[in-house]
Amino acid sequence: MSHIITLEQLKKTLADKISSGAQVVAPTLRGELAFFQKIDDVNQAVLEPRVRFQNSIKEFFFPRHETIFSFVRQGSDVQLVDAPEFDVEQIVVGARPCDAASLPILDPLFAWDYQDRFFQSRRAKSTVVVFACKTSDAHCFCTAVGGAPDSTNGADAILFALDDGSFEVRCVTDKGKALFSGKTQESDKTGAACAPPSVDFDVEKIATWIRGNFASPVWEEISYRCVGCGACAFVCPTCHCFDIVDEGSYSKGKRVKNWDSCQTVLFTLHASGHNPRATQGARQRQRMMHKFVIYPDKFNAKLCTGCGACSRSCGVSFGVRPALEELAKVANQSENN
Amino acid sequence: METELRNAIRKLLEEKTVDVAIGYGRVGVNGAVGATFVTNPDDVDRLVWNNECRQNLATHLTRAEIKKLGKPAIVVKACDARAVVVLCNEAQIKREDVYVIGVVCDGIETADAAGNKTGALMGKCLSCVEHAAKNVDLLIGDEAAAKALDEKNAPNAKSVGHYEKLAKLRAMSQKERFEYWREQFSKCIRCHACRQNCPLCYCNRCVADKNRPTRIDTSSSLKGNFAWNILRAFHLAGRCVGCGACAAACPAGIELDLLNLTLANAAEDQFGYVSGKELGELPLIGTYSPTDKEEFIR
Ligand code: SF4
Ligand code: SF4
Ligand code: SF4
Ligand code: SF4
């Protein structure tokens, strides 16, 4: 026995949430490209499974820029006002499994030495509804990092699109149940995801090679084409580095937290002028080490869901999958020697 | 053409005329084309030339990692070649320090969101009237065919592709135009892929990166995004060669090329200046001529 929701019922569920004051985030089309956005009208949402988004759902948990506190200075008196906590209900609908999977990966990071109430409050207030994938493309490699087109990791509910336009609903958590309770009908129809994307590299083997080859010239060689921007990190659902800056004037302003990327020269540039990661090779090595060695060692999870957003967005056809494929070649060679 | 290109580069590397060749190769997912660096003459078969060679490779000429490899040969389309000229004219590189290989181009195809080619030409190519690269050391491809394409495009060059979009933009009211750019800029995530892929954004420390004090908001708020995109456009006024590398790299799909075209078009209309045309030409913004129009001074 399965549970089905029609497209109309799904829209109504979301519309009711919007009118009750909840923030609903859904796939939308802006021009020809798809973006997750907060919607004011349910008809803005494109409610069908999709592989390619220009952004990930990350920004609704860890925004592009976020105020930490604001300040007003009067004479020698400075007043600090903490930014309010996120306190509306948030429904994120239409996420891909590889988007949702980033959330449990990031949870321990934002609750480690510092309890990040910004991330935590958004997490607590949010319900994530995943659409099981119906297609994959050549950039996808969730299978290599423990994911799947029907993975429920990080999801509160997963929806399988059916041929007749309705969805099979499988609730994963109490939040998911609460959202869909009374909205579905019993049925004998069941949905299925697409076949898992194929991969011909072994991430564990590559991680072992990375551990032993910090000084390998391969890092420079594969990185010549990288121009050191922030695109791959900013579209990545798991990359989480940020910079803290003050904006405003001397008398009035705010301290904000903005996305940052380890691929830029400035990221590690010291005030003395020294840069411990002096070349793009060193910066790409950092990226791959953080994802496949450092983060797994510290938090027991790879910092990559295999979504392929990085390589889809890279202007020079690089990104994590091409990097893994290059490293797999050398890892296999060194194994055979 | 591809074989000719490979042979030429093999010879340059064998004879040690250059130390590294910057060309295109199938390096990405599913054979997607991206920059490829060849130092060994035996590796020239990694190089390709086709209508997916979207990137402007000149951006690599000023990167520290690439400079370390020695004297470069670089593969350029006509529009990319103009960027090499600007780099020389702005004293970023010396012309004799780089071996420029022009490839005759018959247009580059746009890519869809997954990076697959669409069959449609890029806007800049629809209005291109220079299919054979100029100011090069070696030109590969059929010059006569290039000339024929130039002549075919010439009559409509200023009304198709980008120019068609520009005309639409100009026909809008100021309010509509502002709304158009507001929607575009609100998508910006401040990844600076536009800057990093642009051969003419070569500053070691971009104003957007100044933080003692901050010059423009680094936040990707609407205010910060307007500041960033307008700032970049202004810094490219009279300099942008219209290669479209910025827009092609922008993960948000912002029509940056249209923004730059607005200024390039003003430079051409007002001062008869086309960036990157001639070696040795003085930069438009850096020179004054008594014949310059001054109508804008009121
Ligand atoms: S891999 Fe691509 S997207 Fe990432 S920093 Fe390098 S050029 Fe930018
Ligand atoms: S590293 Fe790339 S593939 Fe992995 S999660 Fe980030 S964007 Fe997705
Ligand atoms: S504008 Fe297009 S057709 Fe003209 S040289 Fe550049 S890429 Fe080729
Ligand atoms: S590439 Fe696009 S998204 Fe990135 S900073 Fe430039 S305009 Fe913004």
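Since this is a predicted model, take the numbers as computed values, not measurements.

Regarding the overall build of chain A
So, step 1. The number of helices and strands found in chain A is eleven helices and twelve strands.
So, step 2. Over its C-alpha atoms chain A spans a radius of gyration of 22 Å, differing by no more than 12% from the 20 Å that the globule rule assigns to 337 residues.
So, step 3. Looking at the 337 residues of chain A, the share that counts as buried comes to 47%.
So, step 4. The contacts of chain A with a sequence gap of at least 6 include a subset with a gap of at least 24, amounting to 70%.

Regarding the environment of Lys210 of chain B
So, step 1. Turning to its location among the elements, Lys210 of chain B is positioned in the loop between helix H8 (193–197) and helix H9 (222–235).
So, step 2. Under the C-beta neighbour-count criterion, Lys210 of chain B is labelled exposed, with 12 such atoms within 10 Å.

Quick word on the interface of chain A and chain B
So, step 1. Counting residues at the interface gives 37 residues for chain A, matched by 36 residues for chain B.
So, step 2. Mapped onto the side of chain A that touches chain B, the elements with two or more residues apiece are strand E3 (33–39), helix H8 (231–235), strand E11 (242–248), strand E12 (252–259), helix H10 (309–313) and helix H11 (320–336) of chain A.

Topic: the packing of helix H6 (residues 203–212) of chain A against helix H9 (residues 280–299) of chain A
All names here are of chain A.
So, step 1. Running from N to C, H6 and H9 cross one another at 115°; their axes reach a closest spacing of 10 Å. For H6 against H9, the interelement crossing comes out left-handed. Facing Val203, Ile206, Ala207, Ile210 and Arg211 of H6, the residues of H9 in contact are Met288, Met289, Phe292 and Val293.
So, step 2. Classifying every residue of the contact of H6 with H9 by side-chain character gives eight nonpolar, no polar and one charged.

A short note on the site of ligand 2
So, step 1. In the region of ligand 2, the neighbouring residues are Cys236, Pro237, Thr238, Lys291, Cys304, Thr305, Gly306, Cys307, Gly308, Ala309, Cys310 and Val320 of chain A.
So, step 2. Classifying every residue of the shell around ligand 2 gives seven nonpolar, four polar and one charged.

Observations regarding the confidence of the model for chain B
So, step 1. When pLDDT is averaged across chain B, the result is 93; 99% of the residues are at 70 or more.
So, step 2. What the predictor reports for the complex is a pTM of 0.95 with an ipTM of 0.94.

Description of the sheet that holds strand E8 (residues 157–161) of chain A
All names here are of chain A.
So, step 1. Ordered by their spatial adjacency, eight strands build an open sheet running E3-E2-E6-E7-E8-E9-E1-E10, and the pairing between neighbours is mixed. What marks the edges here is a single partner per strand, and that holds for E3 and strand E10 (185–187). Strand-to-strand twist in this sheet, taken as the mean axis angle between neighbours without regard to direction, amounts to 35°.
So, step 2. Summarising the sheet, strand E1 (residues 2–5) and strand E9 (residues 167–171) pair through two bridges and their orientation is antiparallel. In the sheet register, Ile4 faces E9, and the bridge partner there is Glu168.

Observations regarding the site of ligand 3
All names here are of chain B.
So, step 1. In the vicinity of ligand 3, the contacting residues are Lys77, Ala78, Cys79, Cys105, Gly107, Ile108, Met122, Lys124, Cys125, Cys128 and His131.
So, step 2. Elements represented by at least two residues in the shell around ligand 3 include exactly helix H3 (78–89) and helix H4 (123–126).
So, step 3. For the shell around ligand 3, the class distribution of residues is seven nonpolar, two polar and two charged.

A word on the environment of Ala157 of chain A
So, step 1. Examined against the element boundaries, Ala157 of chain A turns out to sit in strand E8.
So, step 2. Not counting residues up to four positions away in its chain, the partners in contact with Ala157 of chain A are Val129, Val169, Arg170, Cys171, Val172, Gly176, Leu179 and Phe180 of chain A.

A look at H6 of chain A
Residue and element names in this part refer to chain A.
So, step 1. For H6, the set of buried residues is Val203, Ile206, Ala207, Trp209 and Ile210. The buried residues of H6 occupy one face: seen down the axis, they fall within an arc of 160°. Set apart from the buried face of H6 by more than 90 degrees, the exposed residues are Glu204, Arg211 and Gly212.
So, step 2. Of the surrounding elements, those touching the buried residues of H6 are H9 and H11.

Points about unusual backbone geometry
All names here are of chain B.
So, step 1. Its identity is not glycine, yet Lys16 carries a phi of approximately 60°, on the positive side.
So, step 2. Relative to the assigned elements, Lys16 resides in the loop between helix H1 (2–14) and strand E1 (20–26).
So, step 3. What makes Lys16 exposed here is the crowd of 10 C-beta atoms within 10 Å.
So, step 4. Positive phi outside glycine occurs at Asn30, with the angle close to 60°.
So, step 5. The topology assignment puts Asn30 in the loop between E1 and strand E2 (33–38).
So, step 6. By C-beta crowding, Asn30 is classed as partly exposed, having 15 other C-beta atoms within 10 Å.

Observations concerning the sheet that holds strand E4 (residues 65–74) of chain A
All names here are of chain A.
So, step 1. With respect to topology, four strands assemble into an open sheet ordered E5-E4-E12-E11, the strand pairing being antiparallel. With partners counted over all chains shown, the strands left at the sheet margins are strand E5 (77–82) and E11, one partner each. In this sheet, adjacent strand axes meet at a mean angle of 20° when their direction is disregarded.
So, step 2. Inspection of the sheet shows E4 paired to E5 by six bridges, in the antiparallel sense. Looking at E5, one finds that Gln74 is bridged to Asp77.

What about the domain arrangement of chain B?
All names here are of chain B.
So, step 1. When its domains are assigned, chain B resolves into domain 1 (2–156) and domain 2 (162–271).
So, step 2. Placing a centre on the C-alpha atoms of domain 1 and another on those of domain 2 gives a separation of 24 Å.
So, step 3. Taken together, the contacts link 17 residues of domain 1 with 16 residues of domain 2.
So, step 4. The set of elements that each furnish at least two residues to the side of domain 1 that touches domain 2 consists of H3 and H4.
So, step 5. The element that contributes the greatest number of residues to the side of domain 1 that touches domain 2 is H3, accounting for six residues.
So, step 6. Counted by class, the side of domain 1 that touches domain 2 contains six nonpolar, seven polar and four charged residues.

Quick word on the packing of helix H6 (residues 162–171) of chain B against helix H11 (residues 256–271) of chain B
All names here are of chain B.
So, step 1. At a minimum axis separation of 10 Å, H6 and H11 run at an interaxial angle of 85°. In terms of orientation, H6 lies roughly perpendicular with respect to H11. Residues His162, Lys165, Leu166 and Leu169 of H6 form the contact with H11, whose participating residues are Asp257, Leu258, Leu261, Thr262 and Asn265.
So, step 2. Across the contact of H6 with H11, the residue classes break down as four nonpolar, three polar and two charged.

Section: the nonpolar core
So, step 1. Core analysis: the biggest nonpolar cluster contains 167 residues, and Leu159 of chain A together with Ile74, Val76 and Val84 of chain B have the highest contact counts within it.
So, step 2. Per-element tally for this core: the top contributor is H3 of chain B, with nine residues.
So, step 3. Split by domain, the residues of this core number at least three in each of domain 1 (2–156) and domain 2 (162–271) of chain B.
So, step 4. In this view, Val84 of chain B contacts Ala58, Ile74, Val76, Val98 and Val100 of chain B; residues no more than four positions away in its chain are not counted.

Scoring rules and cut-offs
- Residues numbered from 1 in each chain as written.
- Chains lettered and ligands numbered in written order.
- Predicted model: local features only at pLDDT ≥ 70, side-chain atom pairs only at ≥ 80, totals over all residues.
- Helix = DSSP H or I, 4+ residues; strand = E, 2+ residues; numbered from the N terminus.
- Rg over C-alpha atoms; globule rule 2.2 N^0.38 Å.
- Buried ≥ 20, exposed ≤ 12 C-beta atoms within 10 Å, placed from the backbone.
- Contact = placed C-beta atoms within 7 Å.
- Axes fitted to C-alpha atoms, helices over the stretch in contact; angles between N-to-C directions.
- Left-handed = near helix turned anticlockwise from the far one by under 90°.
- Nonpolar A, V, L, I, M, F, W, Y, C, P; charged D, E, K, R; others polar.
- Near = placed C-beta within 6 Å.
- pLDDT = per-residue confidence, 0-100.
- Pairing = 2+ DSSP bridges.
- Arc of directions from axis to C-beta.
- Domains from an automatic or database assignment.
- Parallel < 35°, antiparallel > 145°, perpendicular 65-115°, else oblique.
- Core = buried A, V, L, I, M, F, W, Y, C linked by C-beta atoms within 7 Å.

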